[in-house]
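Inside the fold
So you can see what is in the structure, the chains are spelled out below.
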Amino acid sequence: MEYFQNRLFLIVNILTSLKELDLQNIDLIPEGRETVNLVKALSNSKIEKLTLKSCLTTHSAFFISEYLAKSQNLIDLKITDHTADNSIGIIKNIASFLKGHKKLTYLSLARNILNQEDCESISELLQAESNLKSLDLSGCELSYGFCNSLGLGLRKSNNLEELYLNDCKLTVEAFMFLINRTTTQSIKKLSVDNSQIGDAGANGLGTYETKNGIFFQGYWKNDRQNGVGFEKWPRGSNFIGEYNDGDKEGIGVLNFEDRAWYQGEFKNGIICGVGA
């Protein structure tokens with residue numbers, strides 16, 4: 001404990017001259033003298049990039065959140081790798097205090113335990129008036145309930161351009177829901193590299209784009225689309241659904257360029273069976 005206090009004491013004393021601060025695996029004790037001094041020093045600093053990895057508990061997050069709400073220069077924030085039982089709910093505190101932050105453009109909440117209240121706070125953050133352009137939720141387990149809350153935030157967000165969901169676990173329904181949301185909003189980049197969506201194909205997740213503008217992102221097996229995928233054509237039509245051996249097969253949604261759409265069954269790449 002003494003080593004920790006001495007190390008944090010040194011950080012606090014040089015903080016006013018820093019623009020970047022990266023704290024990893026330091027126990028920020030709620031109401032502890034060094035934690036309180038750190039928050040005070042942060043409030044008077046010109047920090048632009050702050051990383052807190054495996055540092056926070058539910059209680060200490062509240063103290064840090066007060067600084068975040070008042071920070072004038074922060075543009076890049078990473079609150080990551082909080083998986084202990086005493087860290088449940090920290091994202092709710094962080095996200096709640098960040099609503100309306102004018103300068104923050106990048107937020108990473110990767111590899112945290114997220115409960116439903118955390119999800120709703122992230123959604124509210126996306127709906128608030130802010131300049132947040134990039135959100136990273138990589139390494140989180142995303143339930144359909146979470147994706148539903150996130151989708152509501154995405155629907156009302158005007159500034160978010162990039163969403164990172166790498167190394168996540170998503171159900172097929174949750175993935176299709178998010179794809180549908182992001183294709184109709186301001187999102188320019190959706191990254192789901194190495195994520196497990198339903199039952200992943202043997203060769204995994206990948207992205208392919210032809211020279212004439214046909215785009216596909218989804219699962220492959222033996223160089224063919226297999227599993228869930230999203231395909232888009234140059235004139236604006238797109239397909240979200242299931243593939244088998246390179247063809248649309250199973251349940252999917254086909255959106256035409258004239259805004260007409262079909263949701264239902266496909267077989268051998270064509271509409272077949274029940275649908276609307």
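Everything that follows concerns the structure shown earlier in this document.
First, a word on scope: everything that follows refers to the structure included in this document. Bear in mind that the values here come from a model prediction, so they are computed numbers and not experimental data.

About the criteria used
- Counting restarts for each chain, with residues numbered from 1 along the sequence as it is written.
- Side-chain atom pairs in this predicted model are given and counted only at pLDDT of 80 or more, local residue features only at pLDDT of at least 70, and totals for whole chains, interfaces and linings cover all residues.
- Each side-chain value is derived from all of the structure's non-hydrogen atoms; neither hydrogens nor water enter the calculation.
- Any two strands with at least two DSSP bridges between them are considered paired.
- Counting from the N terminus, the helices are DSSP H or I runs at least four residues long and the strands are E runs at least two residues long.
- Orientation is described by lines fitted to C-alpha atoms, with helices fitted over the stretch in contact, and by angles between N-to-C directions that extend from 0 to 180 degrees.
- For a crossover, the right-handed case is the one in which the path from the first strand over the helix to the second runs clockwise, viewed with the strands pointing away from the viewer.

A separate point is the sheet that holds strand β5 (residues 134-136). Taken together, the seven strands give an open sheet; going across it, the order is β1-β2-β3-β4-β5-β7-β9, and neighbouring strands pair in parallel fashion. The open sheet terminates on both sides in strands that have one partner only, identified here as β1 (20-24) and β9 (189-191). Direction aside, neighbouring strands of the sheet carry axes that sit 5° apart on average. Both strand β4 (residues 106-108) and β5 contribute to a ladder of three bridges, which runs parallel. Each bridged residue has a counterpart across the sheet, and for S108 the counterpart in β5 is D136.

Bridging between β1 and strand β2 (residues 49-53) involves five bridges; their strand directions are parallel. In the sheet register, L21 faces β2, and the bridge partner there is L50. Looking at chain direction, β2 and strand β3 (residues 76-80) are connected through five bridges and run parallel. Across the sheet, K49 pairs through a bridge with D76, a residue of β3. Once the chain exits β2 it traverses helix α3 (residues 58-70) before rejoining the sheet at β3, and the crossover so formed is right-handed.

Right, let's get into the sheet that holds strand β10 (residues 196-197). Here three strands make up an open sheet; going across it, the order is β6-β8-β10 and the pairing parallel. Edge positions in the sheet fall to β6 (141-142) and β10, since each has one partner strand and no second. As paired strands, β6 and strand β8 (residues 169-170) are joined by two bridges and run parallel to one another. Each residue of the ladder has a partner; that of L142, found in β8, is L170.

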